Amino acid sequence: MKLKVATWNVNSVRARMPVISRWIEKESPDILCMQELKATEEQYPLDEFSDLGYHSAVNGQVRWNGVAVISKYPMTNVQKDLYGFLPEQSRMISATVCGIRLINVYVPNGGDVENPRFQEKLKYYEVLREYALSFSEPTVILGDFNVAPHLEDTHSPEEQDGSVCFHPLEREQIRIFAEAGFNDVFRRFNPEGMTFSWWDYRAASFRRDRGMRLDLVLAGSTADKMITGCSIDREPRGWEKPSDHTPVVFNIEVPE
DNA sequence: ATGGCCGGGAAGCCCGGA
């Protein structure tokens, strides 16, 4: 059975519901992992997703952060805690669906390199990696990693080098994920580069294609072998009232 | 040729985003 799975930083699930439902009707993903809900579990539009045919697993928070997985198939062993790290920030939810462990994550932005939050960001990758390595099922980490992994993943690598989301210490963390067996799935299917998943609202960035690839799918080796394709759908970034991110989609062949 | 945004919560700005 082939599943279509997507990750999308929606930048407010309530403000984005028209765009999200339009995209779901266009693409009919089996599973969609969302970040930056900016909503509590009480504010989360559970009934609207249910009407669209999805179960929801939600880790909400007032005003900031918040992540959710919606799935056409049942989710089991839903977890929201990352070893007690940053307990006040709802940035992770994971579940097993059709035998695959999906870890949906919204890595801290970090503010800027001098900000204490930048050190928390670096630590977040380490804790996340340890967590991801703890599962015996085929495992996929997907979400907003808030780093462009390589030179070909951002519009102006020379002038951005050393700034937040393109700092060598952040990029190194994605290399360490690879060393730990978590492969950058989009890159495998799209080796040419300069394909982005986020464009700033300011400065007409989308029209000028001045973006960054911040939204990643990192698959453990067993899961990676089951994945048959991965792409970025730029279309909803051009719709009315868009998120500043656009969906990253992959296909995975799972046993019946 | 250049680049000025967006969302939420409290309030009529400020913080955070990246």
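Residues numbered from 1 in each chain as written. Chains lettered and ligands numbered in written order. Predicted model: local features only at pLDDT ≥ 70, side-chain atom pairs only at ≥ 80, totals over all residues. Heavy atoms only, no water.

Asks: Report on the overall build of chain A, specifying residues and quantitative values.
Replies: Regarding its fold elements, chain A presents 7 helices and 14 strands. Over its C-alpha atoms chain A spans a radius of gyration of 17 Å, differing by no more than 12% from the 18 Å that the globule rule assigns to 256 residues. Seen along its three principal axes, the alpha-carbon backbone of chain A occupies a region of about 45 × 40 × 35 Å. Counting across all 256 residues of chain A, residues that qualify as buried make up 57%. Put simply, of all contacts in chain A between residues at least 6 apart along the chain, 69% involve residues at least 24 apart. About 10,800 Å² of surface is accessible on chain A, with carbon and sulfur atoms providing 49% of the total. (Helix = DSSP H or I, 4+ residues; strand = E, 2+ residues; numbered from the N terminus. Rg over C-alpha atoms; globule rule 2.2 N^0.38 Å. Buried < 20%, exposed > 50% of the residue type's maximum accessible area, 1.4 Å probe, protein only. Contact = heavy atoms within 4.5 Å. Areas by Shrake-Rupley, 256 points an atom, 1.4 Å probe, with all protein chains shown as cover.)

Asks: Describe in detail helix α5 (residues 168-179), supporting the description with residues and values.
Replies: In this model α5 runs 16 Å from its N-terminal to its C-terminal C-alpha over 12 residues, within 8% of the 16 Å that 1.5 Å per residue would give. Those residues of α5 that sit buried are Glu170, Arg171, Gln173, Ile174 and Phe177. For α5, the angular spread of the buried residues around the axis is 145 degrees, confining them to a single face. Buried-residue contacts for α5 involve α3 (116-132), β8 (139-144) and β12 (215-219). Glycine 181, located one to two residues past α5, shows a positive phi value of around 105 degrees. (Expected span 1.5 Å × (residues − 1). Arc of directions from axis to C-beta.)

Asks: Residue-level account of the packing of aromatic side chains, with values.
Replies: On inspection of all chains with the given rule, the structure shows 8 aromatic pairs. Where tryptophan 8 meets tryptophan 23, the ring centres are 5.4 Å apart and the plane angle is 65 degrees; that geometry is what we call edge-to-face. One end of the pair, tryptophan 8, is in strand β1 (residues 2-9); the other, tryptophan 23, is in helix α1 (residues 13-27), and 15 residues separate them in sequence. Exposure remark for tryptophan 8: the relative accessible area of 0% places this residue in the buried category. By relative accessible area, tryptophan 23 is classed as buried at 0%. Look at phenylalanine 177 and phenylalanine 182: their rings are 6.3 Å apart centre to centre, the planes differ by 75 degrees, and that puts the pair in the edge-to-face class. Chaining the aromatic ring pairs together yields one cluster made of Tyr83, Tyr131 and Phe135. Here the guanidinium or amino end of arginine 129 rests over the ring plane of phenylalanine 177, the centre of that ring lying 4.8 Å away. (Phe/Tyr/Trp six-rings, centres within 6.5 Å; stacked < 30°, edge-to-face > 60°. Lys NZ or Arg CZ within 6 Å of the ring centre and 35° of its normal.)

Asks: So, the pairing of strand β2 (residues 31-35): which residues are in play, and what are the values?
Replies: Of all 5 residues that make up β2, 5 are buried, and the element is covered over most of its length. Inspection of the sheet shows β1 paired to β2 by 5 bridges, in the parallel sense. Within β2, the residue paired with tryptophan 8 across the bridge is methionine 34. A crossover links β1 with its parallel partner β2, the connecting element being α1, and its sense is right-handed. (Pairing = 2+ DSSP bridges. Right-handed = clockwise from strand over helix to strand, strands pointing away.)

Asks: Residue-level account of the environment of isoleucine 141, with values.
Replies: The topology assignment puts isoleucine 141 in strand β8. Each C-alpha atom, one on isoleucine 141 and one on arginine 101, is 8.4 Å from the other, the two residues being 40 residues apart in sequence. Dropping the residues within four chain positions of it, isoleucine 141 is found in contact with Ile103, Val105, Leu128, Ala132, Phe177, Phe182, Leu216, Val217 and Leu218.

Asks: Let's hear about the pattern of salt bridges: which residues, and what values?
Replies: Two side chains of opposite charge can pair, provided their charged atoms sit close to one another. Here the structure, examined in full by the defined rule, presents 14 salt bridges. Residues arginine 187 and aspartate 153 are paired through a salt bridge, measuring 2.3 Å at the closest nitrogen-oxygen approach. Here arginine 187, found in helix α6 (residues 185-189), pairs with aspartate 153, found in the loop between β8 and α4 (157-160); they are 34 residues apart in sequence, far enough to count as distant. Residue arginine 187 shares its accessibility class with aspartate 153, and that shared class is buried. For aspartate 153, the salt bridge identified is with arginine 213, shortest N-O distance 2.9 Å. Taken together, the residues span a long stretch of sequence, with aspartate 153 in the loop between β8 and α4 and arginine 213 in the loop between β11 (211-212) and β12 at a distance of 60 residues. Bridged by salt links that share partners, the residues Lys4, Lys26, Glu27, Asp233 and Glu235 form one connected network. (Salt bridge = Lys/Arg side-chain N within 4 Å of Asp/Glu carboxyl O.)

Asks: Just give me the short version of the protein's contact with DNA strand B, but keep the residues and values in it.
Replies: Around DNA strand B sit 28 residues in total, of which Ser12, Arg63, Asn109, Arg207 and Arg208 are the nearest. Of what DNA strand B places within 4 Å of the protein, 64% of the atoms are sugar or phosphate. Contact distances for DNA strand B include 2.8 Å between a base nitrogen and a side-chain N or O atom of arginine 207. Between a phosphate oxygen of DNA strand B and a side-chain N or O atom of lysine 241, the distance comes to 3.1 Å. Considering each element in turn, the surface near DNA strand B owes the most residues, 3 residues, to α1. (Near = heavy atom within 4 Å. Polar contact = N/O pair within 3.5 Å; in protein donor to acceptor, adjacent residues only side chain to side chain.)

Asks: If you had to explain the environment of arginine 16 to someone new, which residues and values would you point to?
Replies: Along the chain, arginine 16 falls in helix α1. We classify arginine 16 as buried; its relative accessible area is 6%. As a C-alpha pair, arginine 16 and valine 105 span 89 residues in sequence and 19 Å in three-dimensional space. A distance of 3.4 Å separates the side chain of arginine 16 from the backbone oxygen of proline 242, its partner in a polar contact.

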